[in-house]
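Chain and residue survey
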Amino acid sequence: MRKICFSVLAIFTFQLSIAQALQINGELKNVPDNTVVSLIDGMANKEVATAKASSGKFVLNGNAEGPGVFVLSFSGLTQKIPVFIGNDHLAISGDLQNPTAIVYTGSVTQNIYQDYMKKLTPMMEPYFKTLSATNAAGSAAAKDSISKVAAKQAEDCLVAYGLVSADYLQSPVTTFFLFQYANIFPQVKDNLGSFYDRLSGDAKKGPFAAIIEKTMQSSGIGKIGSVLPDFKQNDINGKPVSLSSFRGKYVLVDFWASWCGPCRAENPNVVKAYNAFKNKKFTVLGVSLDQDKSRWLEAIKKDGLTWTHVSDLKYWNNEVAVQFGIQSIPANFLLDPNGVIIAKDVRGEELNRILANALK
């Protein structure tokens with residue numbers, strides 16, 4: 001009898017472990033044979049599982065610490081598929097060339113994610129286009145006119161988020177979109193606590209909840225007119241460098257990474273400012289959210305970033321970025337010689353303008 005009970009228990013435990021594993025069964029058109037399909041953890045930026053496709057079919061097996069954002073990538077192809085899953089058995093079918101028509105079954109969080117994308121994307125895409133038009137506008141009057149359109153579109157985006165989130169206040173997917181919106185809309189970032197307090201249950205668990213909570217704890221850090229707290233990290237040679245060692249100079253504390261496209265696009269503007277004012281008590285301290293040291297060093301060399309760089313190579317868990325509540329990059333703080341923040345998140349010619357006025 002003991003042997004029978006043990007066998008039944010072993011079978012139950014085995015079945016439970018299978019049920020708790022992450023599995024993706026894919027059947028997609030336009031995926032060539034022997035294409036390597038990879039599942040990437042979007043937060044940790046690491047590969048979770050791989051498989052080779054045959055006749056468009058593939059099976060990925062792995063484990064997730066909890067529901068979160070993952071990305072399916074396909075070797076030799078540019079298409080990527082984002083999914084929001086935990087240890088689910090997810091089935092994916094459709095055509096890789098027609099991503100909006102792909103069907104997902106087996107994951108509650110992915111269903112919620114799809115609902116958010118369906119309702120928010122039509123609002124967000126016009127908003128981003130308007131922002132681009134604002135930046136490209138030639139005259140102040142044109143910028144002002146387009147900015148008013150962007151402000152109305154932002155209101156519409158927030159209304160849409162409120163309507164969708166009301167149905168999913170216990171879902172970590174809602175926390176993910178709150179995290180995203182806090183990076184995009186100042187109205188959300190400035191009232192993050194109020195938005196977060198509406199959530200409950202699983203929505204207050206996982207990596208995005210942890211980041212939001214740390215951000216709220218550090219909300220007093222980084223305000224213009226305050227002193228940016230001191231920190232210390234290793235430079236490219238493993239030597240500790242402290243922020244306080246730059247006192248007496250204007251310093252741009254620049255958060256970036258080699259893998260961040262917008263950061264790399266902004267680097268020429270930072271280089272221009274550095275070269276123009278480096279002999280007038282101005283410098284830059286780069287804080288990288290990289291994981292791979294060789295890629296970090298390669299980007300520094302390729303982009304001509306000849307100032308001091310530090311990193312703990314912990315990706316989004318970079319201790320300084322967490323301390324200061326950095327949720328998106330590029331991000332920066334411009335400090336005066338006493339370490340007081342005089343500007344933040346400055347871009348393009350704005351940095352040159354501020355420095356020109358400060359260093360007359």
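Above this text sits the structure in question.
Looking at the packing of aromatic side chains
- Taken as a whole and assessed by the stated rule, the structure comprises 24 aromatic pairs.
- Ring geometry for Tyr 113 against Phe 176: centres 6.3 Å apart, planes inclined by 50°, an arrangement best described as tilted. On the criterion of sequence distance, the pair formed by Tyr 113 in helix H2 (residues 108-136) and Phe 176 in helix H4 (residues 172-184) is long-range, its members being 63 residues apart. Comparing Tyr 113 with Phe 176, the two get one shared label, buried.
- Taken together, a centroid distance of 5.2 Å and an interplanar angle of 35° make the contact between Tyr 161 and Tyr 181 tilted. In this pair, Tyr 161 is assigned in helix H3 (residues 140-165) and Tyr 181 in helix H4, connecting sequence segments 20 residues apart. In this pair, the class of Tyr 161 matches that of Tyr 181, namely buried.
- Its guanidinium or amino end placed over the ring of Tyr 196, Lys 204 lies 4.8 Å from that ring's centre, counting from NZ or CZ.

With respect to the state of the cysteines
- As enumerated under the stated definition, the model contains 1 disulfide in all.
- Covalent S-S linkage joins Cys 260 and Cys 263, the inter-sulfur distance amounting to 2.3 Å. Looking down the S-S bond of the Cys 260 and Cys 263 bridge, the torsion is 75°, so its handedness is right-handed.
- Residue class for Cys 260 comes out buried when judged on its relative accessible area of 4%.
- Owing to a relative accessible area of 1%, Cys 263 belongs among the buried residues under this scheme.

Things to note about the sheet that holds strand E7 (residues 89-95)
- Within the open sheet, the 4 strands sit side by side as E4-E1-E7-E8. Their pairing is mixed. The sheet terminates laterally at strand E4 (57-62) and strand E8 (103-105), the two strands that pair on one side only. Shown here is a sheet whose adjacent strand axes are inclined to one another by a mean of 15°, direction ignored.
- In this sheet, E4 lies alongside strand E1 (residues 22-29) in antiparallel orientation, the contact comprising 6 bridges. Looking across to E4, one finds that Glu 27 is bridged to Lys 57.

As for the pattern of salt bridges
- Applying the stated criterion to the full structure yields 8 salt bridges.
- Two residues, Lys 152 and Asp 156, come together in a salt bridge whose shortest N-O distance is 2.9 Å. Here Lys 152 and its partner Asp 156 are both found in helix H3, 4 residues apart, which amounts to about one turn of the helix.
- Of the charged contacts in the structure, one is a salt bridge between Glu 319 and Lys 314, with a shortest N-O distance of 2.7 Å.

Focus on the environment of Val 188
- Positionally, Val 188 belongs in helix H5 (residues 186-190).
- Apart from the residues lying within four places of it in its own chain, the contact partners of Val 188 are Leu 158, Leu 178, Tyr 181, Ala 182 and Phe 195.

Topic: the environment of Asp 41
- Mapped onto the fold, Asp 41 is located in strand E2 (residues 36-41).
- The class of Asp 41 is buried, set by a relative accessible area of 17%.
- For the pair Asp 41 and Ser 73, spaced 32 residues apart in the sequence, the C-alpha separation amounts to 11 Å.
- Looking at Asp 41, its side chain comes within polar contact range of the main-chain nitrogen of Met 43, at 3.0 Å.
- At 3.2 Å, the side chain of Asp 41 and the backbone nitrogen of Ala 44 are in polar contact.

A few points about the sheet that holds strand E14 (residues 331-335)
- Strands sit in the order E13-E12-E11-E14-E15 across an open sheet of 5 strands; the sheet is mixed. A single partner strand is all that each edge strand has here, and the edge strands are strand E13 (308-310) and strand E15 (341-344). Across the sheet, the mean angle from the axis of one strand to that of its neighbour is 20°, orientation sign disregarded.
- Both strand E12 (residues 282-288) and E13 contribute to a ladder of 3 bridges, which runs parallel. Of the residues in E13, the one forming a bridge with Val 287 is Val 310.

Remarks on the packing of helix H8 (residues 261-277) against helix H9 (residues 293-303)
- Interhelical geometry of H8 versus H9 gives an angle of 50° and a closest axis separation of 10 Å. By the criterion of interaxial angle, the relationship of H8 to H9 is oblique. Regarding H8 and H9, the two cross each other, and that crossing is right-handed. Counting all contacts with H8, which are made through Arg 264, Asn 267 and Val 271, the residues of H9 involved are Ala 299, Lys 302 and Asp 303.

What counts, and at which threshold
- Residues numbered from 1 in each chain as written.
- Predicted model: local features only at pLDDT ≥ 70, side-chain atom pairs only at ≥ 80, totals over all residues.
- Heavy atoms only, no water.
- Phe/Tyr/Trp six-rings, centres within 6.5 Å; stacked < 30°, edge-to-face > 60°.
- Helix = DSSP H or I, 4+ residues; strand = E, 2+ residues; numbered from the N terminus.
- Buried < 20%, exposed > 50% of the residue type's maximum accessible area, 1.4 Å probe, protein only.
- Lys NZ or Arg CZ within 6 Å of the ring centre and 35° of its normal.
- Disulfide = S-S within 2.5 Å.
- Pairing = 2+ DSSP bridges.
- Axes fitted to C-alpha atoms, helices over the stretch in contact; angles between N-to-C directions.
- Salt bridge = Lys/Arg side-chain N within 4 Å of Asp/Glu carboxyl O.
- Contact = heavy atoms within 4.5 Å.
- Polar contact = N/O pair within 3.5 Å; in protein donor to acceptor, adjacent residues only side chain to side chain.
- Parallel < 35°, antiparallel > 145°, perpendicular 65-115°, else oblique.
- Left-handed = near helix turned anticlockwise from the far one by under 90°.

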